[in-house]
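One letter stands for each residue in the lines below.
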Amino acid sequence: MRDGIRGEEVVADLIGGTTTPVNERYDVLTRSKRIRLEVKYSNLNLAVKTSTAKRWTWAHILGFDRAKKFDGLILVGDADLRFRHAYRDSESPFIFFDVPYDELSAVVRHTSQIIQLTTNPQTVRTDVARALFRRFQLTRDELISKYRNT
C-alpha cells in the first residue's frame, strides 16, 4: 500500500492535483477537479529468479471489486537504469504510461487485472507491451502538460 501511495504522490505533485482517501474510486483528482486518475506504481521486480531480466507489475487495475471509476490510468514504474536510454524520458527516475479509460482493453484483458511489462522496450513481444511502450508511454513534461491545467 505504501508503494501505491508513493506513485499517487508523484503524479499529484507533478500535475498539481490532489490525492484522494484510500477508499475512493480513483487516486488523484486534477487541479480543475474534472479529471479522475487511477495511479498504479511498481518497483523493479526480477522476472525470473535465475535471470537478470526485470519487469514492472501493476495489479488490481479496476480495484478488488472491479468497481473503480476513473478517466485515465497512469502506470508509474521505477526506471531501470540499464534501459533509461531507450525510454522517452531518459532522465526521469520513473517511467510513465497514460492509458485512457476507453482504451483499457488494449492493456487489461477481461479476466486479468494484472499488467506485467519487461523494463527493456527493445525486447517486447506482446501486443500489450507494444501498446504501452509505443502508444501510451509519456514523459514527465507530457504528463504535466496534459493534466496540470485540466
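Keep in mind that what you see is a predicted model, and the values were worked out from it rather than measured. (Residues numbered from 1 in each chain as written. Predicted model: local features only at pLDDT ≥ 70, side-chain atom pairs only at ≥ 80, totals over all residues. Heavy atoms only, no water.)

Draft legend 1. Spatial organisation of unusual backbone geometry. The phi dihedral of K33 is positive, around 70 degrees, even though this residue is not glycine. For K33, a relative accessible area of 55% corresponds to the exposed category. (Buried < 20%, exposed > 50% of the residue type's maximum accessible area, 1.4 Å probe, protein only.)

Draft legend 2. Examining the packing of aromatic side chains more closely. Inspection of the entire model under this criterion finds 9 aromatic pairs. On the numbers, 6.5 Å between centres and 70 degrees between planes, the contact of Y41 with F94 is edge-to-face. With a gap of 53 residues between them, Y41 in strand β3 (residues 36–42) and F94 in strand β7 (residues 94–100) connect regions that are remote in the sequence. F94 shares its class with Y41; the two are buried. Between W56 and F133, the ring centres sit 6.4 Å apart and the planes meet at 50 degrees, which makes this aromatic pair tilted. Of this pair, W56 sits in strand β5 (residues 54–58) while F133 sits in helix α2 (residues 127–136), and the two are 77 residues apart along the sequence. Classification of W56 by relative accessible area gives buried; the value is 0%. (Phe/Tyr/Trp six-rings, centres within 6.5 Å; stacked < 30°, edge-to-face > 60°. Helix = DSSP H or I, 4+ residues; strand = E, 2+ residues; numbered from the N terminus.)

Draft legend 3. Region of the structure containing the sheet that holds β3. Taking strand neighbours across the sheet as the criterion, the 6 strands line up as β1-β2-β3-β6-β7-β9 in an open arrangement whose pairing is mixed. Every interior strand has two partners, whereas the edge strands, β1 (18–19) and β9 (137–138), have only one. Summarising the sheet, β3 and strand β6 (residues 72–78) pair through 6 bridges and their orientation is parallel. Bridging from a neighbouring strand, S42 pairs with G77 of β6. (Pairing = 2+ DSSP bridges.)

Draft legend 4. The arrangement of the sheet that holds strand β4 (residues 45–46) in detail. Taken in spatial order, the 3 strands of this open sheet run β4-β5-β8, and their pairing is antiparallel. Bordering the open sheet on either side are β4 and β8 (115–118), each of which pairs with just one other strand. Two elements, β4 and β5, share 2 bridges in a ladder whose sense is antiparallel. Paired with L46 across the bridge in β5 is K54. In the packing of α2 onto the sheet, the strands contacted are β5 and β8, and the crossing angle to β8 comes to about 70 degrees. (Contact = heavy atoms within 4.5 Å. Axes fitted to C-alpha atoms, helices over the stretch in contact; angles between N-to-C directions.)

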